[in-house]
Amino acid sequence: SAALPLCRSAALPPGMASRTHLQAWVKTSARRRLGSGPERKPWRMSAGARRAYSLEPLNPRFGAIVNGINLSEDLDMNVVEGLKRDVHTHRLLLFRQQGKLCAKKQLEVSEWFGKLESTFFKHPRSPDPDIFRVSNDPKEGCTNVGRSGWHIDGTFLAAPFKIQTMCFWSVSKNGSTLFAPLNEVVKGLTEKEYSLWKRLYFIAIKSRATGCTDFRNSVGMQPKNISQKWTVHPLIYPHPVSGDLTLCFHCGRSFAEGFVVNFNSEKDEAEAWLSEDETTEILRALKEKLESKDLCYKMNWKEGDFAIVDNLAIAHYASPDTQNSPLTNGLRILHRTTVTSEHSPLGIRELMQ
């Protein structure tokens, strides 16, 4: 495969986190609604970092395979900075043949991007409280993870995770993960679809974080005091690093209360709830677009694979075969970490107003 250039387009330079700078950047990115507008200036790594590793395309739309890096070794900071930028350029970086990377190293890589946030169940076989151990054997790890529907991780939080890492100690036959790029979904919307979707706010169930059982309690309710009970996200908003329009959602109904129209955060109310049928139709349309042949990529994992995923730019869904019996399909062991985000989708969207 042809090598990819070791550069990225940076709409939001590193360190630009102040409200003033972020607001100016978001207003600029908002004018690039469907990806049109001036090209962003490329950023190039130093010569030292350039020699350290190379990239090749994972697929035509997104993703890159990183060659020449052993994550168990201590890496030069120029290399680390280059990889951090490449994650947001390509949205998914795949490192092959990393073996059973130890917990300490996986946590170190995760912390390149910020503070770890661990809201998941602590399986007794996990090597560290900040590592989510996933398996097709309940004795080895948590099962049925990622099977409820297409999603980004952490929608129950005001600021969903910005990065996740995935380390495969063991893989099962056909235990693949589906990935799809979200900016391309937005770009592919018709004008009619975009006109509706930009007014929608995804209402996420907080039960994963708070333990409350508020599933479908919105039926018959007025669209008021919404954020007191649920987490509110704009369905469409600019990515906090690239500026590209992206989506915030979860298609699993145990995570999704529904959608409201034109949420007002100051009043904590919206114009209306979508009906159950309307909500089902939006989730169906999302699924259909994510699974289109042009966008959906089936990742067939190999033992020793390590992935860094831009969780805000890529949606994913675990295939049914991830839960096949280890006796017939082999044992699946995935170690996952998640990194907290500094900016909520709602906060970023409101800066556009």
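What you are looking at is a predicted structure, and each value in this text was computed from that prediction instead of being measured. (Residues numbered from 1 in each chain as written. Predicted model: local features only at pLDDT ≥ 70, side-chain atom pairs only at ≥ 80, totals over all residues. Heavy atoms only, no water.)

On a plain count of helices and strands, the chain comes out with 11 helices and 18 strands. The burial tally for the chain puts 53% of its 353 residues in the buried class. Counting only contacts in the chain whose residues sit at least 6 apart along the sequence, the fraction spanning at least 24 positions is 81%. Carbon and sulfur atoms provide 50% of the accessible area of the chain, an area that totals close to 15,700 Å². (Helix = DSSP H or I, 4+ residues; strand = E, 2+ residues; numbered from the N terminus. Buried < 20%, exposed > 50% of the residue type's maximum accessible area, 1.4 Å probe, protein only. Contact = heavy atoms within 4.5 Å. Areas by Shrake-Rupley, 256 points an atom, 1.4 Å probe, with all protein chains shown as cover.)

Our next topic: the sheet that holds strand β5 (residues 92-95). The seven strands lie next to each other as β3-β4-β5-β16-β7-β18-β6, forming an open sheet whose pairing is mixed. With one partner strand each, in any of the chains shown, β3 (54-57) and β6 (132-135) form the two edges of the open sheet. Neighbour-to-neighbour, the strand axes of the sheet open up by a mean angle of 25°, direction not taken into account. For β6 and strand β18 (residues 333-339), the ladder comprises four bridges, and the chain directions are antiparallel. Within β18, the position partnered with F132 by the bridge is R336. (Pairing = 2+ DSSP bridges. Axes fitted to C-alpha atoms, helices over the stretch in contact; angles between N-to-C directions.)

One pass over the structure, following the stated rule, counts 15 salt bridges. Among the ionic pairs, K105 bridges to D74, the shortest N-O distance being 2.7 Å. With K105 in helix α4 (residues 103-110) and D74 in the loop between β4 (64-67) and α3 (77-90), this residue pair connects regions lying 31 residues apart in the sequence. On the accessibility criterion, K105 (12% relative accessible area) is buried. Under the relative-accessibility criterion, D74 is labelled exposed at 69%. Residue D153 pairs with R336 through a salt bridge whose shortest N-O separation is 3.2 Å. Of the two residues, D153 is situated in the loop between β6 and β7 (163-170) and R336 in strand β18; the sequence distance between them amounts to 183 residues. Classification of D153 as buried rests on a relative accessible area of 7%. The structure contains a network of salt bridges with shared partners spanning D74, K105 and E108. (Salt bridge = Lys/Arg side-chain N within 4 Å of Asp/Glu carboxyl O.)

With respect to the helices, strands and loops of the structure, F263 is situated in the loop between β13 (256-261) and β14 (272-273). The class of F263 is buried, set by a relative accessible area of 9%. C-alpha separation for the pair F263 and V232, spaced 31 residues apart in sequence, amounts to 8.4 Å. Apart from residues no more than four positions distant in its own chain, F263 is found in contact with Y201, I226, V232, D268, E269, A270 and L346.

So, on to the nonpolar core. In terms of nonpolar packing, the biggest core is built from 35 residues, with W150, W197, L247 and F249 touching the most fellow members. Residues within four places of F249 in sequence aside, it is in contact with W150, H151, I152, T155, L182, F202, L235, L286, L290 and A315. Counting residues in hydrophobic clusters, the runner-up holds 25 residues, among them V66, V87, L101 and C167. (Core = buried A, V, L, I, M, F, W, Y, C linked by side-chain atoms within 4.5 Å.)

Scanning all chains against the criterion turns up 10 aromatic pairs. Note on Y201 and F263: the rings are 5.9 Å apart at their centroids and 55° apart in plane angle, and the pair reads as tilted. Of the two residues, Y201 is situated in strand β9 (residues 200-204) and F263 in the loop between β13 and β14; the sequence distance between them amounts to 62 residues. Across this residue pair, the class does not change: Y201 and F263 are buried. With a centroid separation of 5.2 Å and an interplanar angle of 80°, the aromatic rings of W230 and W273 are classed as edge-to-face. With a gap of 43 residues between them, W230 in the loop between α8 (226-229) and β10 (231-234) and W273 in strand β14 connect regions that are remote in the sequence. The exposure classification of W230 matches that of W273, with both residues buried. Linked through ring pairs, F168, F179 and W301 together constitute an aromatic cluster. (Phe/Tyr/Trp six-rings, centres within 6.5 Å; stacked < 30°, edge-to-face > 60°.)

Our focus in this paragraph is the pairing of β13. The side chains of a regular strand alternate between the sheet's two faces. Among the six residues in β13, six count as buried, and that is most of the element. In this structure, β9 lies alongside β13, joined through five bridges in antiparallel fashion. Bridge pairing in β13 links A204 to A256. When β13 meets β14, the two strands line up antiparallel, connected through two bridges. Residue pairing for β14: V260 is matched across the bridge by W273.

Inspection of the secondary structure assignment puts K289 in helix α9 (residues 276-290). Here K289 falls in the buried class, since its relative accessible area comes to 18%. Sequence-distant contacts of K289, that is, excluding residues within four places in its chain, are made with V185, L189, E193, W197 and L295.

Turning next to the sheet that holds strand β17 (residues 314-318). Here we have three strands laid out as an open sheet, ordered β15-β8-β17, and antiparallel in their pairing. One side of each edge strand has no neighbouring strand; the edge strands of this open sheet are β15 (297-299) and β17. Taken over all neighbouring pairs, the strand axes of this sheet differ in orientation by 30° on average, direction set aside. Of the strand pairs in this sheet, strand β8 (residues 177-181) and β17 are connected by five bridges, and their pairing is antiparallel. Pairing of F179 across the sheet is with H316, part of β17.

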